[in-house]
Amino acid sequence: MDTQRTRREFMKLMGMGVASSVLGGCSHLSMVDPQTKGRPNIIFIFSDDHATQAVSAYGSKINTTPNIDRIAESGALFENTFCGNSICAPSRATVLTGKHSHMHGMMTNYTTFDLTQQMFPKLMQQGGYQTALIGKWHLEGEPMGFDYWDVVAGQGTYYNPEFRNAKGKRKIDGYATDIIGDLTIDWLKKGIDKNKPFMLMCHHKASHRIWAPGPEHLTMYDDVDLPEPDTLFDDYANRSNVLKENEMMISKHMMYDYDLKVPGMGQPDALGRDFKNFEYDLMTPEQKQKWDAAYKPKNDKFKKSNLKGKDLVRWKYQRYVKYYLRCIASMDDNIGRLLDYLDESGLTENTIVIYSSDQGFFLGEHGWYDKRWMYEESLRVPFIIKWSGRIKPGTKVKALTQNIDFAPTFLDAGGMKIPDDMQGVSLLPLLNGEKPSNWRDAIYYHYYEVGEHNVARHEGTRSDRYKLIHYYDVDEWELFDLQEDPKEMVSVYDKPEYSEVVKKMKIKLKALKSQYKVE
Ligand code: SGN
Ligand code: CA
């Protein structure tokens, strides 16, 4: 899509009158706090590694997320939003800049992010917004472009985490997800500058590894067996050889104490690693007591069970995914608290609320945990948005969208100009559920990191139906027909009947690389 639709066009599409205002205009001036000059507040709730397979609004088979679903029920759910590089810091840099990794420079988790570059929060400040960031930052240095920030150090921890803000560092007792929830509501209660609209980024640590559930959810799912994904025992046949080299298998690369919370096994993983669950060491005696009461009996039972082969993988799958889902349950509770506060305080009326995550995640699909691959589960991210009086409740958006679009969308919603060098486009024209005729027909993806989990570098493109992937270091290609093979088990790249599709997708990839200035 080459044209950037403006908010004016959006309002036309929505059948709304365009009020004149220096800042882009707003049609519901009378409904809102006059001090925001008719512009909406924005709350962007951003989690870490929360896959759509674990959001009930996206049809989860393994859990419910009633509060995230509330956002979808009163707003719009985007069915096809993707990240451009399925890893944390690059994805966060993309959200801030509206650009793909090679343009903002944060190509892996280990690159240094140039904070002096253009970022949407700085532009929103210049446009009269108050900006705030609470929770995970995961980019080196002090956050820039925020009037207020209070962030966890690095990846952060679940138990009794350290935070830093402009005044310095401090440890806060409690559970990170609840603390981030509290700090967010506190800021809304005490931090808002009543003369300005605000943009608040609430970034959760959940549901990132090493999945330590909070005290209130330790035993959730104890009595259920979660359904397994069909591809749990994937043998990686019929696709690129690089798949077999991965180091992210539940069966082989999860550590007993670190990941599965079974201390004292004395059995390293396939890479010879046997790390300690460091979250346990961070706990207070009371927290440890609760933890032990929840897990020790189960661990004793497991140690006696002598499980082997597929039974052992199945046990690990249950253990892993339950920890992950318990972390999400806390986050969902806290999102509920936030939504309740917005309702009670009257902020709901003029506040856009968005829920998204930095990447997807594998929850046993292909036998994996983690992300990085261009496969559906790690490529797709949740994107759910509510905006009172502007989005019809229950709207579903099918158009192909990407995290490069988030920054342009925020600016557009605030009535600000979208800089020409941002590579995404505003999503506002999609909010009525219809796809403009000139919308993009494919997205670009590029994963660069060589290291942890041993995923080969690759780039590719995905259209509504097809996905082309190039593992360029070994020059191997994959093509998936997502209509015939949604689980991506057989690459049809070499099948004669797909030769025309391969040709077209290669042309598409080349065009996207040129459009996004990849080479
Ligand atoms: C950590 C995790 C990895 C994870 C990366 C990236 N290992 O290094 O499993 O892939 O983060 O995740 S851990 O032993 O430290 O938990 S990301 O979301 O930050 O990109
Ligand atoms: Ca992440």
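Right above here is the structure, for reference.
Description of the structure in this document. (Residues numbered from 1 in each chain as written. Chains lettered and ligands numbered in written order. Predicted model: local features only at pLDDT ≥ 70, side-chain atom pairs only at ≥ 80, totals over all residues. Heavy atoms only, no water.)

## Structural notes on the site of ligand 1
Okay, step 1: Around ligand 1 lies a shell of 17 residues, among which Tyr258, Asp370, Arg372, Glu452 and His453 are the nearest.
Okay, step 2: Here an oxygen atom of ligand 1 and a side-chain polar atom of glutamine 155 are 2.8 Å apart.
Okay, step 3: Taken by itself ligand 1 offers 450 Å² of open surface, and the protein chains cover 87% of this.
Okay, step 4: Counted by class, the shell around ligand 1 contains 4 nonpolar, 6 polar and 7 charged residues. (Near = heavy atom within 4 Å. Polar contact = N/O pair within 3.5 Å; in protein donor to acceptor, adjacent residues only side chain to side chain. Areas by Shrake-Rupley, 256 points an atom, 1.4 Å probe, with all protein chains shown as cover. Nonpolar A, V, L, I, M, F, W, Y, C, P; charged D, E, K, R; others polar.)

## As for the sheet that holds strand β7 (residues 168-171)
Working definition: the strands of a sheet are paired by backbone hydrogen bonds and lie parallel or antiparallel to each other.
Okay, step 1: Here we have 10 strands laid out as an open sheet, ordered β7-β6-β5-β4-β8-β1-β9-β10-β2-β11, and mixed in their pairing. Of all the strands in the sheet, just β7 and β11 (395-397) have a single pairing partner and so form its edges. Strand after strand, the sheet turns through a mean of 15 degrees between neighbouring axes, direction not considered.
Okay, step 2: By the bridge criterion, 4 bridges tie strand β9 (residues 351-357) to strand β10 (residues 383-386) in an arrangement that is antiparallel. Bridge pairing links tyrosine 355 to isoleucine 384 in β10. (Pairing = 2+ DSSP bridges. Helix = DSSP H or I, 4+ residues; strand = E, 2+ residues; numbered from the N terminus. Axes fitted to C-alpha atoms, helices over the stretch in contact; angles between N-to-C directions.)

## Let's talk about the pairing of β9
Okay, step 1: Burial analysis of β9 places 7 of its 7 residues in the buried class, the great majority of the element.
Okay, step 2: Taking every second residue as pointing to the same face, both faces of β9 are buried, with Thr351, Val353, Tyr355 and Ser357 on one and Ile352, Ile354 and Ser356 on the other. (Buried < 20%, exposed > 50% of the residue type's maximum accessible area, 1.4 Å probe, protein only.)

## Side note on the packing of aromatic side chains
Okay, step 1: A complete count under the given rule lists 33 aromatic pairs for this structure.
Okay, step 2: Relative to tyrosine 375, the ring of tryptophan 373 lies with its centre 6.0 Å away and its plane at 15 degrees, an arrangement referred to as stacked.
Okay, step 3: Between tyrosine 375 and phenylalanine 480, the ring centres sit 5.5 Å apart and the planes meet at 85 degrees, which makes this aromatic pair edge-to-face. Pair noted here: tyrosine 375 is in the loop between β9 and α10 (376-379) and phenylalanine 480 is in strand β16 (residues 476-481), with a separation of 105 residues, a long-range link.
Okay, step 4: Note on tyrosine 375: relative accessible area 0%, which makes it buried. (Phe/Tyr/Trp six-rings, centres within 6.5 Å; stacked < 30°, edge-to-face > 60°.)

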